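If you want the building blocks of each chain, they are given just below.
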Amino acid sequence: ESNVVVEPKTGFSFPATIGGGSRRLLGVGLRKKSLLGLKNIDVYAFGMYADCDDVKKLVGEKYANLPASELRGNKAFVDDLMDADIKMTIRLQIVYGKLNIRSVRTAFKDSVGNRLKKFGGLLDNDDLLQSFTSLFKDEYKIPRNSTIDMTREPGHVLNVAIEGNQVGSVKSKLLCRSILDLYIGEEPFDKNAREDFLDNVASIAAV
Ligand code: DAO
Ligand code: DAO
Ligand code: DAO
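This one's a predicted model, so the numbers in the text were calculated from it and none came from an experiment. (Residues numbered from 1 in each chain as written. Chains lettered and ligands numbered in written order. Predicted model: local features only at pLDDT ≥ 70, side-chain atom pairs only at ≥ 80, totals over all residues.)

**Some thoughts on the site of ligand 3**
Thought 1: Close to ligand 3 lie 11 residues; L128, F132, S172, L174 and L175 are nearest.
Thought 2: Contributions of two or more residues to the shell around ligand 3 are made by α5 (126-133) and α6 (173-184).
Thought 3: Of the residues forming the shell around ligand 3, the biggest block, 4 residues, is contributed by α5.
Thought 4: A per-class count over the shell around ligand 3 returns 7 nonpolar, 3 polar and 1 charged. (Near = placed C-beta within 6 Å. Helix = DSSP H or I, 4+ residues; strand = E, 2+ residues; numbered from the N terminus. Nonpolar A, V, L, I, M, F, W, Y, C, P; charged D, E, K, R; others polar.)

Quick look at the structure:
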């Protein structure tokens, strides 16, 4: 078994496990963005990690009587993966070398803001979003090859680290869920990455 997985289009590689071996890589993908509808840029490659023991615990507690082959297509199970207190990390590796923090704020408000509205219902998130994106300071530099880890810690605490240095932490089940939905939800950034992730989750559950 190889100990890294390479995202094919960018050549960026992801370690098979992180967090001292507890979180395993279950899928890799690519976040693209179209600029003014003219051209597509590759913004970052990403790796999706989850704690296998947490996944097995969820399956044992709620889905023990469902065959592993049916888990990946079960909407309640996929929703639970995003909602439950399962340790996960989405690791981003920046591909687009000209990314500035202002564009990150704008993209975050767009993509994550959209999910906060979807899952938060009537909650007025504009101030919350504003306060969260204000944590992305202009002095942060994220050149090509930078690594950003977004980790859900126990208790639905979202931790963000750039190059291994923690830059912010916020306890919010809704925010964790909204971010994971971008990668694992029904309209993911990369469909193949989501498929691989769910296949691998099902194979963990089967062991
Ligand atoms: O410079 O106008 C530009 C292009 C910016 C593309 C922004 C996409 C940002 C995606 C979020 C990155 C999160 C690290
Ligand atoms: O790709 O649209 C998207 C969502 C990306 C979420 C990025 C969060 C980045 C947080 C850290 C930025 C620090 C500069
Ligand atoms: O879960 O109650 C909720 C709403 C969460 C919205 C998330 C926005 C993040 C706000 C963080 C502020 C950090 C200073």
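We are not done yet, so read on.
**Let's talk about the nonpolar core**
Thought 1: In this structure, L26, M48, A50, V55, F197 and V201 are the most contacted members of the largest nonpolar core, which totals 35 residues.
Thought 2: Where this core is concerned, the elements lending two or more residues are β4 (23-35), β5 (39-51), α1 (52-62), α3 (75-83), β6 (88-94), α6 and α7 (191-206).
Thought 3: Ignoring any residue separated from it by four or fewer positions in sequence, one finds V55 in contact with A50, I86, V201, I204 and A205. (Core = buried A, V, L, I, M, F, W, Y, C linked by C-beta atoms within 7 Å. Buried ≥ 20, exposed ≤ 12 C-beta atoms within 10 Å, placed from the backbone. Contact = placed C-beta atoms within 7 Å.)

**Description of the packing of α3 against α6**
The packing of two helices is summarised by the inter-axis angle and the distance between the axes.
Thought 1: Two numbers describe how α3 lies on α6: the axes approach to 9 Å, and their chain directions differ by 130°. Considering the angle they form, α3 stands oblique to α6. Contacts between α3 and α6 pair V78, L81, M82 and D83 from the former with R177, L180, D181 and I184 from the latter.
Thought 2: Class assignment of the residues belonging to the contact of α3 with α6 gives a composition of 5 nonpolar, no polar and 3 charged. (Axes fitted to C-alpha atoms, helices over the stretch in contact; angles between N-to-C directions. Parallel < 35°, antiparallel > 145°, perpendicular 65-115°, else oblique.)

**Remarks on the site of ligand 2**
Thought 1: Near ligand 2 you find 14 residues, and of these A107, S111, F136, Y140 and V160 are the closest.
Thought 2: Contributions of two or more residues to the shell around ligand 2 are made by α4 (101-120) and β8 (157-162).
Thought 3: Of all the elements, α4 adds the most residues to the shell around ligand 2, at 6 residues.
Thought 4: A breakdown of the residues in the shell around ligand 2 according to their chemical character gives 12 nonpolar, 1 polar and 1 charged.

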